[in-house]
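Results of the structural survey
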Amino acid sequence: MEVTIKKISRSNLLKFIDILCRGFEVIAPVKIGGDVFFNPVKKSSELTLDYINPVESPKRFFFPQIELMYQMDFEKHEVMRDEAERKRKKLIFGIRSCDLAAINSVDKFFTGEKTDSYYRKLRQDTILVNLLCHECASECFCTAIPGGSLYCDGYDLRLSPLDDGYLAETGTTSGEELLKQNKSLFEKSGKNDIELREEAIKKLKKKIRSNHKFDKAVEKLKSEKVDSAEWSDIAKSCQDCGGCCYVCPVCTCYNIIDDVENNNLTKYRCWDSCLFSGFSRMAMAHNPHKTFGERLEYRFMHRLKYFEDRYNSLGCTGCGRCDVVCLGDIGTGAVLKRIRCR
Amino acid sequence: MIRVPTICIYCGCGCGLYLNVRDGKVNGVTPQRSHPLNSGTLCAKGWSIPELLRGYGRLTSPLIKEKGSFIKASWDKALGKVSDELNELIKKYGPDSIGLFSSAKATNEENYLMMKFARAAIGTNNIDHCARLCHASTVTGLVKTFGSGAMTNSQNEFEDAKAILLTGSNPTEQHPMVGAKIRRAVEKGAKLIVVDPRKIPLTEFAHIHLRQKPGSDVAWINGMIRIIIEQGWADDDFIRKRTENFENLALSVSSYTASMVEEITGIPGDLLYRAAEVYAKSGSGMIAYGMGITQHVTGTDNVSALSNLAMVAGQAGRPSTGVNPLRGQNNVQGACDMGALPNFLTGYQRIENREVREKFEKIWNVKLPESNGMTITEIIDGAYSGKIKGLIVMGENPLLSDPDINHVKKALEKLELLVVVELFMSETASIANVVLPSASFAEKDGTYTNTDRAIQRIRKAVLPVGESMADWEIICNLSERMGFEMGYEKPEEVMTEIASLTPIYGGVSYSRLEGESYLQWPCPDKSHPGTPYLYQKEFTRGKGFFTPVEYREPDEVTDSEFPFVLVTGRIYYHWHTGTMTRKVETLDREVPVGYVEINPADAAKIKIRDRESVKLISRRGELVTQALVTERVQEGVVFMPFHFKEAAANLLTNPAVDREAKIPELKVCSVKLEKV
């Protein structure tokens with residue numbers, strides 16, 4: 001496939017989004033109260049371009065926290081499924097590279113060896129418009145871990161902020177198509193635009209690495225040199241909320257709920273967390289991960305080693321959301337910092 | 001997706017969250033990052049709200065019991081039946097034959113309407129709610145010393161304290177935000193003193209852990225005060241300028257010597273000395289407590305003693321100091337503020353005060369009953385003795401939550417009319433004559449007041465399940481049928497009326513509660529910014545009053561027949577009687593069955609192994625549950641959570657109450673253990 005590189009002004013970008021809103025459910029960063037979320041918009045004036053990274057990744061739109069799978073009526077012998085969500089044609093606008101990398105990883109899990117039909121139906125045909133970062137938050141550590149990057153493949157269209165607009169690069173034929181259909185909004189890119197973009201990203205990378213440097217900590221972790229005493233010490237602060245897994249753009253564990261009421265069976269699936277003891281508990285209360293320390297160790301090893309071993313893809317993309325959500329102040333960044341310090 | 005900002009339904013922390021609504025259903029929650037308290041975090045219960053809101057087990061239509069089983073009925077028929085029967089009872093036995101339990105889970109507006117309904121439509125002050133079972137003694141204890149009973153400081157101030165004295169509370173599990181903030185304070189250098197018979201998660205971070213015998217609190221608190229006075233660590237300036245009656249206090253604590261305190265409490269003298277020194281010399285020390293202090297026959301004394309301690313050390317009236325009761329339910333502070341109490345109208349204005357009554361009578365256009373009504377515990381006894389004939393219970397489950405439930409059941413069964421307003425078919429609802437289905441917090445508008453007095457908005461995100469209706473609408477409908485017109489279109493109008501009648505809520509309005517508002521009462525007028533900590537210049541009663549208290553034994557002490565002390569309490573994954581959390585798979589899976597914690601030495605003596613069944617017997621009842629052999633409890637003490645209907649701890653508990661607060665002694669009773 002040919003890559004087209006164009007440029008678009010800020011005002012034309014908003015026009016472009018307005019056009020996209022006619023054909024897609026555009027899910028873009030929106031300011032709600034004091035927080036920024038990925039949320040559906042009807043027109044470009046509803047979204048914000050002034051954000052670092054939304055509170056959550058777009059995971060919820062492909063893998064909701066609680067999802068009705070189907071309902072069965074025993075008497076009428078009927079099966080009902082929730083179709084509204086499945087009919088939507090989604091376009092995610094403004095996704096950062098960490099969340100894009102996460103979608104690539106989650107795709108491998110849900111649609112790799114075996115396809116999860118629920119995920120596929122919500123995810124398929126979604127257009128992804130990547131917007132590269134211009135700034136980092138204090139919790140961001142994408143480039144502070146091996147393999148992490150401010151760039152990521154897998155976009156249909158990639159936008160890079162420049163002083164006088166945005167550089168637009170196509171990544172797929174769908175992206176190419178969108179550009180073609182809206183030719184008049186785009187102009188030729190400047191000679192130095194790619195260079196300028198790369199310089200800005202380099203600068204940002206440097207800034208992130210001056211905030212965090214976790215290469216050695218990750219290496220220590222991967223070679224399994226963090227002992228169980230250290231894990232149980234870290235785990236003293238864990239308040240077992242599950243938040244780190246819930247906000248993690250790569251975490252995919254879920255639990256199934258069967259509700260039987262009257263003549264109906266309703267089946268849901270909902271997010272789960274490997275930090276709960278019930279997650280790994282077996283018959284006779286046997287539990288391979290009995291203590292908080294063991295469960296925390298498992299989670300970190302899975303995110304930073306086992307996932308990559310198996311899928312050759314990052315299990316942690318450095319978004320830092322687990323650090324914000326953690327009641328115990330032991331999110332990934334905090335723990336890696338602690339490991340490095342020892 | 002629509003993101004509806006609202007407040008968590010569970011504990012008194014009052015965390016901000018968004019309900020994520022897609023196609024008319026809540027399909028997720030997100031913690032509010034911009035919220036001043038929880039800043040982007042939630043506990044496991046908060047995170048699991050979407051599972052609760054899937055609606056499993058919800059009541060969808062009014063139910064009337066006919067010949068022992070429930071029949072679905074229209075609202076018209078159900079409300080008609082309730083109002084007819086209430087009118088009948090009032091005619092036959094008088095308005096004081098009716099009791100009403102309001103709800104610490106309902107909104108401020110609903111509690112206000114419930115108490116208005118009781119006083120104006122029915123004509124009785126027999127209204128109370130579950131604060132009776134958790135912090136009634138906080139109010140009586142603190143009113144004596146400070147003049148009003150609420151958390152003096154704010155949850156966020158824990159992080160900046162230099163010393164924290166935490167007693168009878170397990171905030172990591174019951175107030176997760178407070179637990180996190182206390183841990184953060186320790187990591188920033190604060191000294192943490194935990195006084196608790198059990199090991200709790202925060203004892204891992206504590207510098208000193210004093211393990212008192214259950215029910216011996218007055219002794220160690222008086223002992224600490226004596227040490228502080230004798231060592232010259234008392235804040236003389238504060239005592240002189242801000243307090244009175246110090247001489248009598250000093251005299252009363254002088255007999256609490258190290259050896260006497262150790263004999264009563266089991267706390268070694270040197271540890272008590274160190275704790276006293278750390279607290280008194282810290283500069284800013286916060287006392288935080290929970291039901292380990294309040295649920296005793298000496299609850300009022302325990303609370304007064306803690307406030308004596310704070311005043312002696314001059315730890316009040318400044319940021320990161322004070323006496324901080326951690327309120328349990330999402331809106332238990334609000335339910336108290338709204339006067340869902342037998343002796344107060346809103347904002348702790350006494351019903352027995354004629355001027356107060358006249359103020360309300362003028363606005364409500366009705367004559368109000370003049371003398372104090374009955375408490376929850378008295379209403380239950382009244383039902384048993386025949387004094388109470390009809391009872392309306394809104395969002396409470398006394399058949400599992402109240403002490404000695406065999407007695408509660410007999411009492412409720414004697415009623416001529418029991419009406420339960422509920423989300424689920426609770427134990428109490430199942431024995432009712434009429435059950436009215438109410439809407440959940442996601443299905444209505446209103447406000448909650450959290451533990452540090454912040455009034456916050458909850459917002460309607462989805463339509464009520466089935467035919468269920470918000471509590472405020474149910475009360476208004478019922479009231480109109482009884483001939484007392486309420487006439488509110490929406491909860492906002494109720495808050496306007498509350499503000500006009502309640503000085504501490506005077507400046508509260510829905511328009512001020514938009515955005516990231518965290519408005520803490522007292523807020524007397526529209527320009528007042530709210531009050532993060534109380535008593536900066538003076539106490540509510542003017543000078544703080546040192547209230548000497550003497551140690552008294554618990555109502556029931558161990559003997560050769562019942563040799564163990566049973567302490568009841570709560571755990572992180574469950575909420576109260578489990579009507580909600582036991583339907584949430586994530587939470588129920590963590591702890592699916594009840595248990596009793598037994599010290600390994602005791603377990604060895606009675607030959608009980610971990611996870612083996614064990615029988616507990618008290619003078620009031622017995623049950624079989626699973627043993628959890630653990631050093632979390634001391635020898636001679638066993639602990640049981642009260643969430644589980646299959647092993648209901650309150651079959652065993654003692655209904656003896658504190659003289660002043662009428663709070664039952666849920667923290668101490670005597671039991672024996674038998675192998676099954």
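The numbers attached to residues start from 1 for each chain and follow its sequence in the written order. Numbering of ligands from 1 and lettering of chains from A proceed in the order in which they are written. Residue-level local features of this predicted model are given only where pLDDT is at least 70; pairs of side-chain atoms are given and counted only at 80 or more, and the full residue set underlies all totals for whole chains, interfaces and linings. Side-chain numbers here rest on the full set of heavy atoms in the structure, without hydrogens or water.

The subject of this paragraph is the interface of chain A and chain B. Counting from both sides, the interface comprises 52 residues of chain A and, opposite them, 47 residues of chain B. In terms of surface lost to chain B, no three residues of chain A exceed Ile66(A), Gln239(A) and Leu327(A), which account for 15% of the buried area on that side. Whenever Lys or Arg places a side-chain nitrogen within 4 Å of a carboxyl oxygen from Asp or Glu, that contact is recorded as a salt bridge. Where chain A packs against chain B, one counts 9 salt bridges. For Glu204(B), the salt bridge is made with Lys236(A), and the minimal N-O distance between the two is 3.9 Å. The contact criterion used is simple: two residues touch if any of their non-hydrogen atoms lie within 4.5 Å. Here's the idea: put two parts together, see how much 1.4 Å probe accessible area each one loses, and the total over both is what we call buried area.

This part covers the UniProt feature "domain: 4Fe-4S Mo/W bis-MGD-type" (unreviewed entry) in chain B. With numbering matched to this structure, UniProt assigns "domain: 4Fe-4S Mo/W bis-MGD-type" (unreviewed entry) to residues 1–57 of chain B. Helix numbers and strand numbers start at the N terminus; a helix is a DSSP run of H or I with at least 4 residues, a strand a run of E with at least 2. Between the end C-alpha atoms of residues 1–57 of chain B there is a gap of 26 Å, over a span that is 14% helix and 35% strand. UniProt positions are given in the numbering used here, feature names are shortened, and annotations may be inferred rather than shown by experiment.

As a further point, take the nonpolar core. All names here are of chain B. In these notes, a set of buried Ala, Val, Leu, Ile, Met, Phe, Trp, Tyr and Cys residues joined through side-chain atoms within 4.5 Å is what counts as a nonpolar core. For the exposure calls, accessible area comes from a 1.4 Å probe over protein chains only, and a residue counts as buried if that area is under 20% of its type's maximum, exposed if over 50%, partly exposed in between. Counting residues in hydrophobic clusters, the biggest one holds 85 residues, and the most contacted among them are Tyr10, Leu19, Ile49, Phe158, Leu166, Leu192 and Phe441. Ranked by the residues each element gives to this core, the list is headed by helix α8 (residues 176–187), at 6 residues. Within the second largest apolar cluster, 74 residues are counted, among which are Ala120, Leu345, Ile392 and Ile498.

Turning to helix α23 (residues 491–501) of chain B, a few remarks are in order. Taken together, the buried positions of α23(B) are Pro491(B), Val494(B), Met495(B), Glu497(B), Ile498(B), Ala499(B) and Leu501(B). In this structure, the buried residues of α23(B) make contact with α4 (108–122), α17 (354–364), β17 (446–449) and α22 (471–481) of chain B.

Our focus in this paragraph is the domain arrangement of chain A. Residue and element names in this part refer to chain A. We note that the domain assignment places domain 1 (5–211) and domain 2 (217–341) within chain A. Taking only C-alpha atoms, the centre of domain 1 and the centre of domain 2 are 25 Å apart. With 41 residues of domain 1 in contact, the opposing surface of domain 2 contributes 38 residues. Between domain 1 and domain 2, roughly 3600 Å² of surface is buried when both sides are summed, and carbon and sulfur atoms account for 59% of that area. Sorting the residues of domain 1 by area buried against domain 2 places Lys59, Phe63 and Phe141 first, and these three jointly supply 16% of that buried surface. Counting the contacts that link domain 1 with domain 2 gives 4 salt bridges. Put simply, Arg321 and Asp99 hold a salt bridge, and the shortest N to O gap is 2.8 Å. Side-chain atoms alone can form a polar contact between residues adjacent in sequence; in general such a contact is a pair of N or O atoms within 3.5 Å, and within protein one must be able to donate a hydrogen while the other accepts it. Applying the counting criterion to the domain 1 and domain 2 interface returns 26 residue pairs in polar contact (both at pLDDT 80 or more). Contributions of two or more residues to the side of domain 1 that touches domain 2 are made by α2 (59–62), β4 (66–73), α3 (97–111) and α4 (117–123). The domain boundaries here were taken from an automatic or database domain assignment.

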